[in-house]
Amino acid sequence: MYVPPGWPSEVRPPGSPDWESSAVAWLLDAVPPDYRAYGVLRRHPLALARMAHHHVRAEVEAARAGYRGAAVDLKDQLPPHVVEAVLEVYRREGPRLVSLAESIALVERALRGEQFTERM
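Residues numbered from 1 in each chain as written. Predicted model: local features only at pLDDT ≥ 70, side-chain atom pairs only at ≥ 80, totals over all residues. Heavy atoms only, no water.

A. Spatial organisation of the packing of aromatic side chains. This structure, assessed with the given rule, holds three aromatic pairs. For the pair Trp7 and Phe116, a centre-to-centre distance of 6.0 Å together with 65° between the ring planes defines the contact as edge-to-face. On the criterion of sequence distance, the pair formed by Trp7 in the segment before helix H1 (19-30) and Phe116 in the segment after helix H4 (80-111) is long-range, its members being 109 residues apart. Looking at Trp7, the relative accessible area reads 11%, which means it is buried. Residue Phe116 is classed as buried on the basis of its relative accessible area of 14%. Geometrically, the ring pair formed by Tyr67 and Tyr90 is edge-to-face, given 6.5 Å between the ring centres and 80° between the ring planes. Note that Tyr67 is positioned in helix H3 (residues 45-74) and Tyr90 in helix H4, a separation of 23 residues in sequence. (Phe/Tyr/Trp six-rings, centres within 6.5 Å; stacked < 30°, edge-to-face > 60°. Helix = DSSP H or I, 4+ residues; strand = E, 2+ residues; numbered from the N terminus. Buried < 20%, exposed > 50% of the residue type's maximum accessible area, 1.4 Å probe, protein only.)

Below, the structure written as structure tokens:
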């Protein structure tokens, strides 16, 4: 079964046995732990994927805003090497979050029934 680049390794390919269960488990790891308390999200993986999509996109925007303001906001309270270390965290987290958002989008597309085909 073909899955596109960016498909999360923790999620089985669409159409395989228990693939939606693996998607739910993975998606629940991408959102705050409190989301686990809502049975509707476990019963309706597409709803969970949609909420995860919005949540992670908000995290991306928050990381971008944090990065833009960190040097100015922290320069008077922290030594320069600490400010630089904080900026480095943002430089690493930003791409991780963008990649996560892209993977969530792929899982959501599969949950909507989209079939992926390999392109040459």
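This is not the end of the story, as more comes after the structure.
B. Quick peek at H4. Under the 1.5 Å per step criterion, the end-to-end length of H4 is 46 Å for 32 residues, consistent within 8% with the ideal 46 Å. Directly beyond the C-terminal end of H4, a positive phi value near 100° is found at Gly113. (Expected span 1.5 Å × (residues − 1).)

C. Expanded view of the nonpolar core. Residues Trp7, Val11, Trp19, Trp26, Leu27, Ile104 and Val107 are the most contacted members of the largest nonpolar core, which totals 24 residues. For this core, the elements supplying multiple residues, two or more each, are H1, H3 and H4. Setting aside chain neighbours within four positions, we find Trp7 in contact with Arg12, Pro13, Pro14, Trp19, Leu106, Val107, Ala110 and Phe116. (Core = buried A, V, L, I, M, F, W, Y, C linked by side-chain atoms within 4.5 Å. Contact = heavy atoms within 4.5 Å.)

D. Focus on unusual backbone geometry. Positioned with a positive phi, Asp18 is a non-glycine residue whose angle comes to about 60°. The topology assignment puts Asp18 in the segment before H1.

E. Inspection of the layout of surface pockets at higher detail. By volume, the largest pocket is sized at about 170 Å³. Taken together, Met1, Tyr2, Pro14, Gly15, Trp19, Glu20, Ala110, Leu111, Gly113, Glu114, Gln115 and Phe116 make up the lining of the largest pocket. Elements with a minimum of two residues in the lining of the largest pocket: H1 and H4. (1 Å grid on protein atoms, 1.4 Å probe; cavity = no way out; pocket = protein on both sides within 12 Å on 5 of 7 lines; lining within 4 Å. Points joined across faces, edges and corners; volume = space filled by probe spheres on them.)

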